[in-house]
Amino acid sequence: MNTATHSLGVAASSSSRLLPLVLAGLLGIFITGFAGMAPISAVHNAAHDYRHSMGFPCH
Amino acid sequence: MSYFRNVVFLAAAAGLLAGVVLAALQTLVTVPLILQAETFEGAAPMQHAGMEMGDATAESGVPAAPESVPAAEQAEEAWSPADGMERFLYTLGANVVGAIGFSLLLVVASEFAGGVAGWRQGLLWGLAGFAAFVIAPSLGLPPNMPAMPVADTLSRQIWWAATAAATGAGLALIILRSSAPLAVLGLLLIIAPHIWGAPQPASYDTSVPEGLHQQFIVAVTLTNLVFWAVLGATIGALRKRFADSVPQPVRGFA
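It should be emphasised that the depicted structure is a prediction, and the values quoted were computed from it without experimental measurement. (Residues numbered from 1 in each chain as written. Chains lettered and ligands numbered in written order. Predicted model: local features only at pLDDT ≥ 70, side-chain atom pairs only at ≥ 80, totals over all residues.)

Student: What is the right way to look at the overall build of chain B in this model?
Tutor: From N to C terminus, chain B includes 10 helices and zero strands. Long-range pairs, those at least 24 residues apart, make up 82% of the contacts in chain B with a sequence separation of at least 6. (Helix = DSSP H or I, 4+ residues; strand = E, 2+ residues; numbered from the N terminus. Contact = placed C-beta atoms within 7 Å.)

Structure (structure tokens):
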């Protein structure tokens with residue numbers, strides 16, 4: 001727990017880390033949305049079993 | 001930009017492992033149930049038609065049936081992988097891609113909080129991801145199977161994403177901040193999407209047996225629990241390696 005508290009204390013405050021994290025987060029949203037929610041029917045059919053198995057809204 | 005690269009590499013490595021594990025679990029546990037439900041897909045509209053014929057107030061059955069039928073027909077016309085190995089490979093691919101996406105979200109969230117120290121703390125982050133992306137959305141929108149009636153897909157996707165985001169933010173306020181008002185706000189954020197309510201179908205009529213659906217919900221929830229546990233623990237275990245391999249961001253990563 002000591003290491004945890006120590007680590008959590010080093011928050012991402014510097015602006016040099018903010019931009020990379022925001023970009024990586026947007027990339028994550030895009031990738032997750034593409035695999036789980038893209039309405040393109042070929043993507044839907046390819047990822048059909050994955051979407052159902054993840055509880056993503058599917059047909 | 002090496003910090004960005006490290007975050008992405010860490011997320012990709014953990015996502016790859018967790019995605020392969022999840023694909024294996026799905027193939028063993030959830031996909032057989034999906035295939036079983038698909039055998040009812042042709043039966044559902046016929047049952048609806050029969051009910052409409054026998055029912056004097058046919059209009060009540062109409063809104064549910066047309067919404068699900070064209071979607072199924074459309075899906076059949078478009079390309080889809082052949083059953084067997086091809087279908088499995090696309091499921092595997094979707095799992096790896098999706099897992100890297102979830103992994104990026106978990107790494108970014110944990111980096112904002114200072115980063116994950118070790119596999120055990122990573123496991124706790126994984127459980128938070130499980131709560132936000134699996135438990136909370138499935139309260140309003142239980143994992144559905146083929147041949148089951150559903151509300152409009154886009155409105156369900158919006159509710160799903162908003163619920164995951166609100167739950168994640170709520171958990172962050174409760175766990176990462178030690179303030180009573182913020183904890184109350186966090187709880188309200190977690191509850192709010194369910195007061196708003198998830199989009200529901202006009203009718204719940206389905207030929208999929210309730211026992212099969214119940215089994216599927218348990219299977220989806222538990223396979224996802226393992227996925228998020230593996231993902232979080234792997235991120236926690238690998239993070240130090242990625243920090244050590246590149247000198248510059250060590251300070252930021254530590």
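Student: Explanation requested: the overall build of chain A in the structure shown.
Tutor: Regarding its fold elements, chain A presents four helices and zero strands. Tracing chain A from N to C terminus, the helices and strands come up as α-α-α-α. Relative to its full complement of 59 residues, chain A shows a buried share of 41%. (Buried ≥ 20, exposed ≤ 12 C-beta atoms within 10 Å, placed from the backbone.)

Student: When you look at the interface of chain B and chain A in this model, what are you seeing that I'm missing?
Tutor: A common measure of how large an interface is: the accessible area buried when the components associate. Across the boundary between the two partners, chain B contributes 54 residues, which contact 37 residues of chain A. When the residues that make up the side of chain B that touches chain A are grouped by side-chain class, the tally is 32 nonpolar, 19 polar and three charged. (Nonpolar A, V, L, I, M, F, W, Y, C, P; charged D, E, K, R; others polar.)

Student: Sorry, what's going on with the confidence of the model for chain B here?
Tutor: A low pLDDT score tells you not to read the predicted coordinates there in detail. Residues and elements named next belong to chain B. Summarising the model, chain B shows a mean pLDDT of 86, and 81% of its residues fall at 70 or more. Ranking the elements of chain B by mean pLDDT puts helix 10 (residues 250–253) last with 40 and helix 8 (residues 180–196) first with 98. Our summary of model confidence lists the complex with pTM equal to 0.83 and ipTM equal to 0.82. (pLDDT = per-residue confidence, 0-100.)

Student: How do you make sense of the environment of Ala94(B) when you look at a structure like this?
Tutor: Residues and elements named next belong to chain B. Here Ala94 shows up in helix 5 (residues 85–112). By the C-beta count within 10 Å, which is 25 here, Ala94 ends up buried. Separated by 131 residues in the primary sequence, Ala94 and Leu225 place their C-alpha atoms 18 Å from one another.

Student: I would appreciate a short explanation of the environment of Leu123(B) in the present structure.
Tutor: Residues and elements named next belong to chain B. Along the chain, Leu123 turns up in helix 6 (residues 118–140). Judged by the 20 C-beta atoms lying within 10 Å of it, Leu123 is buried. Placed 34 residues apart in sequence, Leu123 and Leu89 show a C-alpha to C-alpha distance of 28 Å. Non-local contacts of Leu123, meaning those with residues more than four positions away in its chain, are made with Ala229, Gly232, Ala233 and Gly236.

Student: Explain unusual backbone geometry to me, please; I cannot follow it from the model alone.
Tutor: With glycine set apart, most residues show a phi of negative sign, and most peptide bonds adopt trans. Residue and element names in this part refer to chain B. You will see that Ala147, though not glycine, has its phi angle at about 70 degrees, which is positive. Relative to the helices and strands, Ala147 is located in the loop between helix 6 and helix 7 (153–176). Using a count of 21 C-beta atoms within 10 Å as the deciding quantity, one classes Ala147 as buried.

Student: How do you make sense of the packing of helix 7 of chain B against helix 8 of chain B when you look at a structure like this?
Tutor: Describing two packed helices takes the angle between their axes plus the distance from one axis to the other. Residue and element names in this part refer to chain B. Two numbers describe how helix 7 lies on helix 8: the axes approach to 8 Å, and their chain directions differ by 165 degrees. The angle between helix 7 and helix 8 falls in the class roughly antiparallel. Of the two elements, helix 7 crosses helix 8, and the hand of that crossing is left-handed. Across the interface between the two elements, Trp159, Ala162, Thr163, Ala166, Thr167, Ala169, Gly170, Leu171, Leu173 and Ile174 from helix 7 touch Leu182, Ala183, Leu185, Gly186, Leu187, Leu189, Ile190, Ala192 and Pro193 from helix 8. For the contact of helix 7 with helix 8, the per-class residue count stands at 15 nonpolar, four polar and no charged. (Axes fitted to C-alpha atoms, helices over the stretch in contact; angles between N-to-C directions. Parallel < 35°, antiparallel > 145°, perpendicular 65-115°, else oblique. Left-handed = near helix turned anticlockwise from the far one by under 90°.)

Student: I would appreciate a short explanation of helix 6 of chain B in the present structure.
Tutor: Owing to its 3.6 residues per turn, the α-helix brings residues three or four apart onto one side. Over its 23 residues, helix 6 of chain B extends 34 Å from the first C-alpha to the last, a length consistent with the 33 Å expected when each residue adds 1.5 Å. Maximum bend of helix 6 of chain B: about 35 degrees, positioned at Ala131(B). (Expected span 1.5 Å × (residues − 1). Bend = angle between axes of the 7 residues up to and from the residue.)

Student: How do you make sense of helix 2 (residues 30–38) of chain B when you look at a structure like this?
Tutor: Of all the residues in helix 2 of chain B, the buried ones are Thr30(B), Val31(B), Leu33(B), Ile34(B) and Ala37(B). Summarising the axial view, the buried residues of helix 2 of chain B lie within an arc of 160 degrees, below the 170-degree limit, and thus occupy one face. (Arc of directions from axis to C-beta.)

Student: How should the packing of helix 2 (residues 15–37) of chain A against helix 1 (residues 2–28) of chain B be read in this particular structure?
Tutor: Orientation of helix 2 of chain A relative to helix 1 of chain B, taken along the N-to-C sense of each, is 35 degrees, at an axis distance of 9 Å. Seen from above, helix 2 of chain A lies across helix 1 of chain B with right-handed handedness. Counted together, Arg17(A), Pro20(A), Leu21(A), Leu23(A) and Ala24(A) of helix 2 of chain A and Tyr3(B), Phe4(B), Val7(B) and Val8(B) of helix 1 of chain B form the full contact between these two elements. Tallied by class, residues from the contact of helix 2 of chain A with helix 1 of chain B come to eight nonpolar, no polar and one charged.

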